[in-house]
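Each chain is listed here by its residues.
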Amino acid sequence: MFQAKPLTFQLGSSRVAFAALHLQGIAFDHYTALLQFDPNDLVLSNWQVFAQDISSKFGVFDIVVEAEENLFNLQMCNNKRFTTFIVCFKKEAYKTGWNYNTLWFALHHTLLQCIKDILCLTSKQLSYNGYKALITQIDQWYWEDRSKYSAP
């Protein structure tokens, strides 16, 4: 964002102010307390100091561990399409650095049982991408079939 508008975000304080608009919860409370009680704090005017302060106090300690936890807790919902779900899955998966075999295993465990049941009846896919494509096809068939019976 800052590089897209170099004149607007030339000053560190303008970068800090822009980023502060997106703070939430305790991070936002921390920022507003600084504004109120210590308005001359360098955190409020220097982008690098601000970024260091916020990330050290409120940032993720280990991105990989958090992504792995998120994958272990992720489950596909009955009323969601696989194409929507796989976006959430990939978002976390890319952070882990896992190979395709491990991602295949993790993805399989997040799927609905009805999809797993159909996968048992199909030929085994040789690649992770082939596996995702097959699941996408199964999901599309499900939603097409569902729309036939729910149409007026």
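Worth saying up front: this structure is predicted, and the values here are computed from it rather than measured.

Conventions and cut-offs
- Position numbers for residues count from 1 along each chain, tracking the sequence in the order it is written.
- Local features are withheld for residues below a pLDDT of 70 in this predicted model, meaning they are given only at 70 or higher, and side-chain atom pairs are given and counted only at 80 or more; totals for whole chains, interfaces and linings count all residues.
- Think of the side-chain values as coming from all heavy atoms in the structure, minus any hydrogens and water.
- Put simply, DSSP H or I for four residues or longer makes a helix, DSSP E for two residues or longer makes a strand, and each gets a number counted from the N terminus.
- We take the radius of gyration over the C-alpha atoms and set the globule estimate at 2.2 Å times the residue count to the 0.38 power.
- By definition, residues are in contact when any of their heavy atoms lie within 4.5 Å.
- Each accessible area is a Shrake-Rupley result for a 1.4 Å probe, and residues are judged covered by the shown protein chains and nothing else.
- For the charge count, each Lys or Arg is scored as positive and each Asp or Glu as negative, with His and the chain ends excluded.
- Just so you know, the charge point we use is NZ for Lys, CZ for Arg, CG for Asp and CD for Glu.
- Only one rule defines a salt bridge in this text: a Lys or Arg side-chain nitrogen within 4 Å of an Asp or Glu carboxyl oxygen.
- Exposure classes here rest on a 1.4 Å probe applied to the protein chains alone. A residue is buried below 20% of its type maximum, exposed above 50%, and partly exposed in between.
- Among the buried residues, those of types Ala, Val, Leu, Ile, Met, Phe, Trp, Tyr and Cys that are joined through side-chain atoms within 4.5 Å form a nonpolar core.

Chemist: Help me understand the overall build of the protein in this model?
Modeler: Each helix and strand counted, the protein has 8 helices and 0 strands in total. Each helix (α) and strand (β) of the protein, taken in turn from the N terminus, gives the series α-α-α-α-α-α-α-α. Here the C-alpha atoms of the protein give a radius of gyration of 23 Å, more than 25% beyond the 15 Å that 2.2 N^0.38 yields for 152 residues. In the protein, of all internal contacts separated by at least 6 residues, the share reaching a separation of at least 24 is 52%. A total of about 10600 Å² of accessible surface is found on the protein, and carbon and sulfur atoms cover 57% of it. Charge-centre separation for the protein: the mean point of 13 positive side chains lies 10 Å from the mean point of 13 negative side chains.

Chemist: Can you walk me through the pattern of salt bridges in this structure?
Modeler: Side chains bearing opposite charge may pair, as long as their charged atoms lie close to each other. Here the structure, examined in full by the defined rule, presents 2 salt bridges. One salt bridge in this structure joins Asp 53 and Lys 57, with 2.3 Å as the shortest N-O distance. One end of the pair, Asp 53, and the other, Lys 57, are both in helix H3 (residues 47-58), 4 residues apart, so they sit about a helical turn from each other. Accessibility expressed as a relative area gives 11% for Asp 53, which makes it buried.

Chemist: Mind showing me how you'd approach the nonpolar core here?
Modeler: Within soluble globular proteins, side chains that are nonpolar tend to cluster in buried spots. Counting 22 residues, the largest nonpolar core has Phe 82, Phe 89, Leu 107, Leu 111, Leu 119 and Ile 135 as the members making the most contacts within it. Taken together, the elements giving at least two residues each to this core come down to helix H5 (82-96), helix H6 (100-110), helix H7 (113-120) and helix H8 (128-150). Discounting chain neighbours no more than four positions away, the residues touching Phe 89 are Leu 71, Leu 74, Leu 103, Ala 106, Leu 107, Thr 110 and Tyr 128.

Chemist: Whenever I open this one, the side chain of Asp 139 confuses me. Can you help?
Modeler: For Asp 139, the position within the fold is in helix H8. As a buried residue without a salt bridge, Asp 139 has its nearest oppositely charged side chain in Arg 81, at a separation of 5.3 Å. Ignoring anything within four residues of it in the chain, the contact list for Asp 139 reads Met 76, Lys 80, Arg 81, Phe 82 and Thr 83.

Taken by themselves, the reported measurements are silent on function.
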